[in-house]
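Fold and contact review
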Amino acid sequence: MKTAKSPALVPVPTVPEPDPRPPRRLFIELERVTVSYGKGPSATQALAEISLQAEEGDFIALVGPSGCGKSTILKLVGDLLKASGGHVFVAGREVGAQDVRIGMAFQNPTLLPWLSIRDNVMLPLKIVQPFRAEWKRKRHGEYRDRAEALLAKVGLGGFGGKYPWQLSGGMQQRASLCRALIHEPNLLLLDEPFGALDQFTREELWDILQTLWIDGKPTVLLVTHDLRESAFLANRIVVMSARPGRILVDEPVGFARPRTLDTTYQPGFTNLTHKLRTLIVEARTAAGGTP
Ligand SMILES: Nc1ncnc2c1ncn2[C@@H]1O[C@H](COP(=O)(O)OP(=O)(O)OP(=O)(O)O)[C@@H](O)[C@H]1O
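Values in this document were obtained by computation on a predicted structure and should not be read as measured data.

1. Brief notes about unusual backbone geometry
- Residues Q129 and P130 are joined by a peptide bond in cis, for which omega reads 5°.
- The topology assignment puts P130 in the loop between α2 (117-127) and α3 (135-138).
- Cis geometry marks the peptide bond from R243 to P244, where omega comes out at -5°.
- The topology assignment puts P244 in the loop between β9 (236-240) and β10 (247-252).

2. Thoughts on the confidence of the model for the protein
- When pLDDT is averaged across the protein, the result is 91; 91% of the residues are at 70 or more.
- Interface confidence for the predicted complex, given as ipTM, is 0.98, next to a pTM of 0.89.

3. Here's the deal with the UniProt feature "domain: ABC transporter" (unreviewed entry) in the protein
- The positions that UniProt labels "domain: ABC transporter" (unreviewed entry) are, in the present scheme, residues 28-267.
- Secondary structure over residues 28-267 splits into 31% helix and 25% strand, and the C-alpha atoms at its two ends are 32 Å apart.

4. Section: the site of the ligand
- The local shell around the ligand consists of Y37, A46, S66, G67, C68, G69, K70, S71, T72, E192, H225 and R243.
- K70 is positioned such that a nitrogen or oxygen atom in its side chain is 2.8 Å from an oxygen atom of the ligand.
- Contact between the ligand and H225: an oxygen atom at 2.8 Å from a side-chain N or O atom of the residue.
- When the ligand sits alone it has 640 Å² of accessible area, and the protein chains cover 63% of it.

Definitions and cut-offs
Residues numbered from 1 in each chain as written. Predicted model: local features only at pLDDT ≥ 70, side-chain atom pairs only at ≥ 80, totals over all residues. Heavy atoms only, no water. Helix = DSSP H or I, 4+ residues; strand = E, 2+ residues; numbered from the N terminus. pLDDT = per-residue confidence, 0-100. UniProt positions renumbered as here; feature names shortened; annotations may be inferred. Near = heavy atom within 4 Å. Polar contact = N/O pair within 3.5 Å; in protein donor to acceptor, adjacent residues only side chain to side chain. Areas by Shrake-Rupley, 256 points an atom, 1.4 Å probe, with all protein chains shown as cover.

Dropping the structure here:
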């Protein structure tokens, strides 16, 4: 008598599940870019030929020896500097050809001393379209509420009416982060934003920045000398050689989000920061610097 074959024994062809995530767009592309400052024999070659790509929503940390051209890359992508050679594309067009909403923060919070914290934070809404068109109508209502909500998110609820000089350095830097993010930028350029802060405040701000990035998913380029900071925040760490800067390593960082300070004590984390440190020490030594 024939018995029916157990269906479990028949191999079922598997069709791959469609990936529910939309494909990510290439957002930044540096194609064989070089930069020299000045001309003739006194010119400084800041960047050797470099190529770098970032997808929409990437969080990339740029690390490397002092003077290797990290800030130069931010200036190129922010259209504050023209490349000497090669091409810089942002949002699919040559940089500058298309309006991209950019937020920036630097080591020095650069808040305007004659404006309240709230007015400092609202500044991009006064300047950047499409917000600018509605500035007069919304500055005392919706925009003010938006600034207050963001300030509350970084622990500055109730400080909107104060002036920069009434706040500590860490509080000013929080406000400067709010100003960088109030207009919901697609691109966030951060140049050592926590470099002048003590370790505890810095770690608090990592957490805040991570939350803001998870919420808004801007593409971020972060310049930092703090390797723990780079490994805590970034999903890719780009290590550069000494000047003229080249890209030595493009290291993916896969720790689960949200990362916490506990993440920084895991062996994988310390191994990564150790590896980065070794690379940078080697790069400095190769360039004749102190190991
Ligand atoms: N406007 C300028 N004119 C001349 N040289 C410049 C100018 N800006 C930068 N440089 C030089 O170009 C090189 C790269 O500078 P950049 O600021 O990009 O480096 P960096 O890696 O961000 O440095 P750091 O880590 O010390 O902040 C440095 O040697 C710097 O002295």
